[in-house]
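These are the residues of each chain, in order.
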Amino acid sequence: MCGIVGYIGERCAAPILINGLKKLEYRGYDSAGVAVFDNGALKVVKCKGRLKCLEEKVANETLEGKVGIGHTRWATHGEPNDVNSHPHISNSGKIAVVHNGIIENYIKLKEFLQSKGYNFESDTDTEVVAHLVDYNYKGDLKEAVMSTISELEGSYALGVICSDCPDMFLAARKDSPLIVGLGRGENFIASDIPAILEHTRDIYILEDKEIAVLDKDNVKVFNIYGTEVKKEVFHVNWDVAAAEKSGYKHFMMKEMCEEPKVLKDTISPRIKDGKIVLDSINIEPEYLENINRIHIVACGTAYHAGVVGKYLIEKLARIPVEVDVASEFRYRDPLLSDKDLVIIISQSGETIDTLFALRESKRKGARVLSIVNVVGSSIARESDEVLYTWAGPEIAVASTKAYNTQLAVLYLIACDFAKKRGTIDDEQLERIIEQLKEMPSVVDKVLQNKEAIQKFSSEHYNAKSIFFIGRGLDYALSMEGSLKLKEISYIHSEAYAGGELKHGTIALIEKGTLVVCPMTQDDLLEKMISNIREVKARGAVVLAITQEKNKEVEKVADVVIKIPDVDPLVAPIAAITSMQLFAYYMAVQKGCDVDKPRNLAKSVTVE
Ligand code: F6R
């Protein structure tokens, strides 16, 4: 969601900004622009559409300046068009601003600025920031930005340049991500690491309400009171290739193919001498003995991982678990105390609703353990304890490998808590640990079977509506399978508990309706077979996903995608890969932009 890049140094800024923005395309956007300080004035070039359009427009200008800010916009206030694109410039032409987030009090500020004679061109909330900095500017840009952010309500990551100060620019953030890249004789800002990785691996992670003042040789960071803050340099240790397609047609396929490796990276270091060791957290047996409840809170795919987590923790550790969508949890005045553990799940670590749910939980005294992929992200920093999913950068908008690793961490947590509470015997624990260790090779085998899924998709990609049904853990999987399909193929889809379909939704099943059935739970297999018979009796075409051993499924389903014979408890990690592949091939067959689906953003940093 909105990407920001800023540059100051000895090189021509515009190409660096545009290249950086390309690396942030995955975040989702509908327009783009740059502002460069050039020959004594600020020049702004911006347009609706892809970065290619911006590149063409920039090629027709002479933009030689060495200081600039760039932006990809995901529309919130005002439709995607040239005028609403960022950067926004003050009426005086002195101040240019790029912004990610939402200024909640922008109407009040706009009225105030209009009363002072400022004219507004766009429908955006961001334009108030450009005019407000201009209004507050009395010769000191840092002071002007500080006064401005003290008046802003809502969320922001900002890049600000001023034609009076050609040798510097400023950045500030609150509740929207922003990093500072530290180069030699040049410095950068960006919404995310891939944008600057080819230039530097040393970064500062800005905290809320911090302001960075950058020139080409120095970066100084100040708090809201203007006091300089000593920042620690964070060294990025993943390589550039991790954020490149490396020969794959789509990031999504590359990321699915990485699942065996990232599962190994996530699981192996946490199993030592046959025992689960979660040494980055310190949840004591006494705490778990007296725990009231666990709340798992997340959005989208991460929420679906949480639903699996509920099954696992309740089954193995016998602790009651509630799972909530973060945007609901944060506003429903949840009942929390110091005896509640809140598990936050987030790939990006920056999803605003999830971040605010975390803060609400801490405010109410609950302990917060997060499962996060992006090291040093806001959620990771603000949690009491963190377990990282070592999935590496996930660029495709549709989350795949991060989900599998979120599941892996939830298995580890459920087993760890169960062991500490004495609710699992050694034999069962050993069996699960052995199965978890096998998961990378099991998922590898699922990936090797991709042609079968591709073939099925090539025959059914014209489907108008697809239902996913499952029971138990397979119901949780159905939700994720259905989300994956709809977000990238735009095919309408719904997920239902196998037993629930007949309470209304079965009315939609007619001749030819496609129904996808994950069937990995031995004790529920017969029940699911009955559910398949029900939909088949109404003309449905059934695709089942099940372990090789379940021969009886072949007798009822039209097509069966086999996964290796794994224990039902750990089967979701393997079965979901088939469903991700299914969504992928359906979208590819339909000619959809798999990595950048319409209307979606990778990191949802606005409410
Ligand atoms: C779907 C998807 C989203 C995210 C959701 C939460 O493929 O990626 O549903 O799972 O926006 O994002 P994170 O995990 O970054 O908090």
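- As annotated in an unreviewed UniProt entry, the protein is Glutamine--fructose-6-phosphate aminotransferase [isomerizing] from Clostridium thermosuccinogenes.
- Check the Subcellular location (unreviewed entry) section of the UniProt entry for the protein; it says "Cytoplasm".
- Per its UniProt entry, the protein bears the Function (unreviewed entry) comment "Catalyzes the first step in hexosamine metabolism, converting fructose-6P into glucosamine-6P using glutamine as a nitrogen source."

**Examining the site of the ligand**
So, step 1. Residues in close proximity to the ligand total 14 residues, the closest being Ser 346, Gln 347, Ser 348, Thr 351 and Glu 487.
So, step 2. Backbone polar atom of Val 397 to an oxygen atom of the ligand: 3.3 Å apart, as the coordinates give it.
So, step 3. Within the side chain of Lys 484, one N or O atom sits 2.8 Å away from an oxygen atom of the ligand.
So, step 4. Relative to its free-state accessible area of 400 Å², the ligand is covered by the protein chains to the extent of 91%.
So, step 5. Listing elements by their share of the shell around the ligand, those giving two or more residues are α9 (300–317) and α16 (473–489).
So, step 6. With three residues, the single largest contributor to the shell around the ligand is α9.

**Overview of the nonpolar core**
So, step 1. Core analysis: the largest hydrophobic core is formed by 126 residues, its most contacted members being Ile 294, Ile 313, Ile 343, Ile 413, Phe 417 and Phe 582.
So, step 2. Sort the elements by how many residues they give to this core and helix α19 (residues 571–589) lands first, with 13 residues.
So, step 3. Those residues within four positions of Ile 294 in sequence are excluded, and the remaining contacts are Ile 313, Ile 319, Pro 320, Val 321, Glu 322, Leu 341, Ile 343 and Phe 417.
So, step 4. If you look at the next biggest cluster of nonpolar residues, it comprises 31 residues, including Tyr 118, Phe 120, Leu 132 and Met 168.

**Brief notes about the UniProt feature "active site" (unreviewed entry) in the protein**
So, step 1. UniProt records the feature "active site" (unreviewed entry) at Cys 2 and Lys 602, using the numbering of this structure. Look at the named residues: they lie 601 residues apart in sequence, but the longest C-alpha span between them is just 9.7 Å, so in the fold they bunch up.
So, step 2. Relative to the elements of secondary structure, Cys 2 occurs in the segment before β1 (3–8).
So, step 3. Judged by its relative accessible area of 7%, Cys 2 is buried.
So, step 4. Apart from residues lying up to four places away in sequence, Cys 2 is in contact with Arg 27, Gly 28, His 71, Thr 72, Arg 73, Trp 74, His 99, Asn 100 and Ser 191.
So, step 5. As for its position among the elements, Lys 602 is in the segment after α19.

**Focus: the packing of aromatic side chains**
So, step 1. Tallying each qualifying case throughout the model produces six aromatic pairs.
So, step 2. Between Tyr 7 and Phe 188, the aromatic rings sit 5.3 Å apart at their centres with planes inclined by 55°, giving tilted as the arrangement. You can see Tyr 7 sitting in strand β1 and its partner Phe 188 sitting in strand β10 (residues 187–190), a full 181 residues away along the chain. Each member of the pair Tyr 7 and Phe 188 is classed as buried.
So, step 3. Ring geometry for Phe 112 and Tyr 135: centres 5.3 Å apart, planes at 90°, overall edge-to-face.

**Observations regarding the domain arrangement of the protein**
So, step 1. Under the domain assignment, the protein is made up of domain 1 (3–237), domain 2 (241–447) and domain 3 (449–594).
So, step 2. For domain 1 and domain 2, the distance between their C-alpha centroids amounts to 34 Å.
So, step 3. Taken together, the 12 residues of domain 1 in the interface contact 13 residues of domain 2.
So, step 4. Where domain 1 abuts domain 2, roughly 1,000 Å² becomes buried across the two surfaces, and 57% of that area is made up of carbon and sulfur atoms.

**A short note on the sheet that holds strand β26 (residues 541–547)**
Across a sheet, paired strands are connected by hydrogen bonds in the backbone, their directions being either parallel or antiparallel.
So, step 1. Taken in spatial order, the five strands of this open sheet run β24-β23-β25-β26-β27, and their pairing is parallel. A single partner strand is all that each edge strand has here, and the edge strands are β24 (492–497) and β27 (559–563). This sheet shows a mean twist of 20° between the axes of neighbouring strands, independent of strand direction.
So, step 2. In this structure, strand β23 (residues 465–470) lies alongside strand β25 (residues 514–519), joined through three bridges in parallel fashion. From the neighbouring strand, Phe 468 faces β25, where its bridge partner is Val 516.
So, step 3. Here α16 sits on the sheet and contacts β23, β24 and β25; the angle it forms with β24, its principal contact strand, is near 175°.
So, step 4. With respect to the sheet, helix α17 (residues 525–536) is in contact with β23, β25 and β26, its orientation differing from that of β25 by roughly 175°.

**Examining the packing of α9 against helix α13 (residues 401–421)**
So, step 1. In the contact formed by α9 and α13, the axes pass within 9 Å of each other and the chain directions differ by 20°. Classed by the angle they form, the pair α9 and α13 counts as roughly parallel. α13 is crossed by α9, and the crossing has right-handed handedness. Mapping the contact onto sequence places Thr 301, Ala 302, His 304, Ala 305, Gly 306, Val 308, Gly 309, Leu 312, Ile 313, Leu 316 and Ala 317 in α9 and Tyr 403, Gln 406, Leu 407, Leu 410, Tyr 411, Ile 413, Ala 414, Cys 415, Phe 417, Ala 418 and Arg 421 in α13.
So, step 2. Its residues assigned to classes, the contact of α9 with α13 shows 16 nonpolar, five polar and one charged.

What counts, and at which threshold
- Residues numbered from 1 in each chain as written.
- Predicted model: local features only at pLDDT ≥ 70, side-chain atom pairs only at ≥ 80, totals over all residues.
- Heavy atoms only, no water.
- UniProt positions renumbered as here; feature names shortened; annotations may be inferred.
- Near = heavy atom within 4 Å.
- Polar contact = N/O pair within 3.5 Å; in protein donor to acceptor, adjacent residues only side chain to side chain.
- Areas by Shrake-Rupley, 256 points an atom, 1.4 Å probe, with all protein chains shown as cover.
- Helix = DSSP H or I, 4+ residues; strand = E, 2+ residues; numbered from the N terminus.
- Core = buried A, V, L, I, M, F, W, Y, C linked by side-chain atoms within 4.5 Å.
- Buried < 20%, exposed > 50% of the residue type's maximum accessible area, 1.4 Å probe, protein only.
- Contact = heavy atoms within 4.5 Å.
- Phe/Tyr/Trp six-rings, centres within 6.5 Å; stacked < 30°, edge-to-face > 60°.
- Domains from an automatic or database assignment.
- Buried area = accessible area lost by both parts, 1.4 Å probe.
- Pairing = 2+ DSSP bridges.
- Axes fitted to C-alpha atoms, helices over the stretch in contact; angles between N-to-C directions.
- Parallel < 35°, antiparallel > 145°, perpendicular 65-115°, else oblique.
- Left-handed = near helix turned anticlockwise from the far one by under 90°.
- Nonpolar A, V, L, I, M, F, W, Y, C, P; charged D, E, K, R; others polar.

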